[in-house]
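What follows is each chain in one-letter form.
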Amino acid sequence: MQLLKKILAVLALCSVALGASASPADPKNGVEYTTLPTPQNTDTGKKIEVIEFFAYYCPHCNAFEPSLAEWVRKQGENIVFKRVHVPYDNNTLPQQRLFYTLEALGLLEQYHAKVFAAMHKERNRLRSDDAVFEWAAKNGIERNKFADAYNSFGVAAKVRRSGALMEAYKIDSWPAIVIDGRFQTAPHTAHSAAGGAQDEAAYHQSALTVMDYLVAKAKSEKK
């Protein structure tokens, strides 16, 4: 019995020590975030580049979007925020083309949340070109103009480039955030390392705290 009590006491101490060493407020490289083996060039001057790798069909991306949008708003002039819609398969290709078409037409900020709502609230899977065109027209976008952009070389090039960006940034799950072309984190990475409650809101808050740290770190290193 005494031996069992000693073992339990040691395990409890180890648990406390591990919890103290892993915290989104004091993130560690290799724990709450990773440093890319090959830094990628950025073109944002003194501002910090922040890229989200996401997909419209992804429920975790949908859940993260409101918190992320508010975080981007609060960062203001500190950052240049970009999104990359990751490729997956032919069923999701229309969604990817939809994203880059909205971007090309300057309509992304107006319609980005509406696409998430269509997929995750209205259960409109947007798995065909016609379904996407119908959604665009229903939401007040001129169908022919949208279709021309959707089928353009420019959108096709961005779709192709997204795969190359995934490889360059070592993206294997999403949502994922890359900061200053060097640091990568994600809600599941930032929170699971710290332990604690497993609700998605806690994951999001942990990620945003790590992102604050990485933006500040990158900014201080640019001086």
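See the structure above.
As the structure is a prediction and not an experimental result, all values here were calculated from the model.

Thresholds applied
By convention here, each chain's residues receive numbers from 1 onward along its written sequence. For this predicted model, a pLDDT threshold of at least 70 governs which residues receive local features, and a threshold of 80 or more governs which side-chain atom pairs are given and counted, while totals over whole chains, interfaces and linings are taken from all residues. Just so you know, side-chain values use all the structure's heavy atoms and leave hydrogens and water out. Only DSSP runs of H or I covering at least 4 residues are called helices, and only runs of E covering at least 2 are called strands; the numbering of each starts at the N terminus. Accessible area is worked out with a 1.4 Å probe on protein chains only. A residue is then buried under 20% of its type maximum, exposed over 50%, and partly exposed in between. Contacts were defined at the residue level, with two residues in contact if any of their heavy atoms lie within 4.5 Å. With residues, only the protein chains shown are counted as cover, and all accessible areas are computed by Shrake-Rupley using a 1.4 Å probe. The directions considered for the arc are those from the helix axis to the C-beta atoms. We define a polar contact as two N or O atoms separated by no more than 3.5 Å, with the added condition that, inside protein, one atom must be a possible hydrogen donor and the other a possible acceptor, whereas residues neighbouring each other in sequence contribute only through side-chain atom pairs. Here, strands pair whenever DSSP counts at least two bridges between them. To obtain each axis, a line is fitted to C-alpha atoms, and for helices this fit is confined to the stretch in contact; angles are then taken between N-to-C directions over 0 to 180 degrees.

Some points on the overall build of the chain
A count of helices and strands for the chain gives 9 helices and 5 strands. Secondary structure elements of the chain, listed N to C terminal, follow the sequence α-β-β-α-β-α-α-α-α-α-β-β-α-α. Looking at the chain as a whole, 41% of its 223 residues qualify as buried. Within the chain, contacts between residues at least 6 apart in sequence are counted, and of these 73% link residues at least 24 apart. Per element, the accessible surface of the chain, about 12,000 Å² overall, is 55% carbon and sulfur.

Considerations on helix H6 (residues 143-150)
Helical geometry: 3.6 residues make up each α-helical turn, so side chains three or four residues apart lie on a common side. Taken as a whole, H6 has its buried residues at Phe146, Ala147, Ala149 and Tyr150. Buried residues of H6, viewed axially, fall in a sector of 165°; they line one side. Of the residues in H6, the exposed ones pointing more than 90 degrees away from the buried face are Asn144, Lys145 and Asp148. Summarising the contacts, the buried residues of H6 are in contact with helix H3 (93-104), helix H5 (129-138) and helix H7 (153-168). With a side-chain oxygen lying 3.3 Å from the backbone nitrogen of Asn144, the N-terminal cap of H6 falls on Glu142.

Observations regarding the sheet that holds strand S4 (residues 176-179)
As a general point, the strands of a sheet are linked pairwise by backbone hydrogen bonds and lie either parallel or antiparallel. In space, the 5 strands of this open sheet follow the order S1-S5-S4-S2-S3, with mixed pairing throughout. Each of the sheet's edge strands pairs with one partner strand only, and the pair in question is strand S1 (34-35) and strand S3 (79-85). Here S1 runs beside strand S5 (residues 183-185); their pairing, made up of 2 bridges, is antiparallel. Along S5, the bridge assignment pairs Thr35 with Phe183. Running at roughly 160° to S3, helix H2 (residues 59-75) makes contact with strand S2 (48-54), S3 and S4 of the sheet. Those strands touched by helix H9 (residues 200-222) are S2, S3, S4 and S5, and its axis lies near 175° from that of S5.

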